[in-house]
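# Inside the fold
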Amino acid sequence: MAKINLERRAEIGAEKRARTRAQILAAANALFAKCPWDSVTVDDLVSEAGVAKGTFYVHFKDMHALTAAVADDLIKTFDEMLQPHRLSIDDPLVRIAFGCDAFLEKALDDPDWASLVARMARYYPAVGESARRRLSEDLERVIDTAPHGDLSFALGLEAVLGVVLQVLAAIGEGRLSPGDRQPAIRSVLRAIGAEESQATSALAQVARVARAARTAPCAANAD
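Let us look at the structure shown here. (Residues numbered from 1 in each chain as written. Predicted model: local features only at pLDDT ≥ 70, side-chain atom pairs only at ≥ 80, totals over all residues. Heavy atoms only, no water.)

Further remarks concern the overall build of the protein chain. Counting its regular elements, the protein chain contains 10 helices and zero strands. Looking at the 223 residues of the protein chain, the share that counts as buried comes to 39%. Restricting to contacts in the protein chain with at least 6 residues of sequence separation, those with at least 24 account for 68%. For the protein chain, the exposed area adds up to about 12,300 Å²; of that, 54% sits on carbon and sulfur atoms. Between the mean site of the 27 positive side-chain charges and the mean site of the 31 negative ones, the protein chain shows a separation of 5 Å. (Helix = DSSP H or I, 4+ residues; strand = E, 2+ residues; numbered from the N terminus. Buried < 20%, exposed > 50% of the residue type's maximum accessible area, 1.4 Å probe, protein only. Contact = heavy atoms within 4.5 Å. Areas by Shrake-Rupley, 256 points an atom, 1.4 Å probe, with all protein chains shown as cover. Lys, Arg positive; Asp, Glu negative; His and termini not counted. Charge placed at Lys NZ, Arg CZ, Asp CG, Glu CD.)

Quick look at the side chain of Ser130 now. Inspection of the secondary structure puts Ser130 in helix H7 (residues 125-145). Residue classification places Ser130 among the buried positions, given a relative accessible area of 0%.

With 70 residues, the main nonpolar core has Met120 and Leu168 as its most contacted residues. Top contributing element to this core by residue count: helix H5 (residues 92-109), with 10 residues. (Core = buried A, V, L, I, M, F, W, Y, C linked by side-chain atoms within 4.5 Å.)

Across the interface, H5 lies against helix H9 (residues 181-191) with an axial gap of 10 Å and an inter-helix angle of 145°. As H5 packs across H9, the resulting crossing turns out to be right-handed. Mapping the contact onto sequence places Leu93, Ile96, Ala97, Cys100, Asp101, Leu104, Glu105 and Leu108 in H5 and Arg181, Ala184, Ile185, Val188 and Leu189 in H9. Classifying every residue of the contact of H5 with H9 gives 10 nonpolar, no polar and three charged. (Axes fitted to C-alpha atoms, helices over the stretch in contact; angles between N-to-C directions. Left-handed = near helix turned anticlockwise from the far one by under 90°. Nonpolar A, V, L, I, M, F, W, Y, C, P; charged D, E, K, R; others polar.)

A separate point is the pattern of salt bridges. Tallied over the entire structure, the rule returns eight salt bridges. For the salt bridge of Glu158 with Arg132, the shortest nitrogen-to-oxygen distance reads 2.9 Å. Residue Glu158 is found in helix H8 (residues 153-172), and its partner Arg132 is found in helix H7; the two are separated by 26 residues along the sequence. Shared partners join several salt bridges into a network, and the residues in it are Arg186, Arg190 and Glu196. (Salt bridge = Lys/Arg side-chain N within 4 Å of Asp/Glu carboxyl O.)

If you trace the backbone, Arg95 turns up in helix H5. For Arg95, a relative accessible area of 12% gives the class buried. A distance of 3.4 Å separates a polar atom in the side chain of Arg95 from a polar atom in the side chain of Asp138. What Arg95 contacts, discounting residues up to four positions off in sequence, is Arg86, Leu87, Ile89 and Asp138. (Polar contact = N/O pair within 3.5 Å; in protein donor to acceptor, adjacent residues only side chain to side chain.)

Remark: helix H6 (residues 111-123) packs on H8, axes separated minimally by 7 Å, with the N-to-C direction vectors making an angle of 140°. Here H8 runs oblique to H6, going by the angle between their axes. The crossing of H6 and H8 is left-handed. Together, Pro111, Ala114, Ser115, Val117, Ala118, Ala121 and Arg122 of H6 and Gly162, Leu165, Gln166, Leu168, Ala169, Ile171 and Gly172 of H8 make up the contact between the two elements. Residues of the contact of H6 with H8, tallied by class, amount to nine nonpolar, four polar and one charged. (Parallel < 35°, antiparallel > 145°, perpendicular 65-115°, else oblique.)

Encoded structure:
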């Protein structure tokens, strides 16, 4: 009996620590969405989280460690959003369109997340580099097969990321609506050399992938 109680006590302690850590991370997300991460202090953070300063240091060595944890969570979210369905798409242009659409869908559903990603991708290297890596392979293939070869890879990369991050920031500020989603993706595709017909086709394929993704869980539940 004593052993069972000790085990349960350890589980309760671990659950409490996990909740507190999540509480601190949520506070960091809220603050980083509003202002540059390197301007946020531990005092700002613990006030937002409603925890003692000592509690903060139980979970994180310093603000740099906390910021790295926020970045890691964002990068994990990117993979969860993109990889399962992205890898089922062969066309690199459609892959880029799908990635943009996934980001904008989540941003419209959670504008605070949109603001957080826009700020962290611009000002915290690990997040920005993660986005660049995931885009680079597909963009190289698009540029290699483009009928007009005057767009460099570096310029194409900046064009895609620049448009997407600016749109995320605008969504976070409440300046864009769901009706701007497809035009924003179309502008990205056109900026990297896609013809109007190619952009239209890519958007249609993304819509089909999205519909299939939504119906897959229903089919699984029915089985």
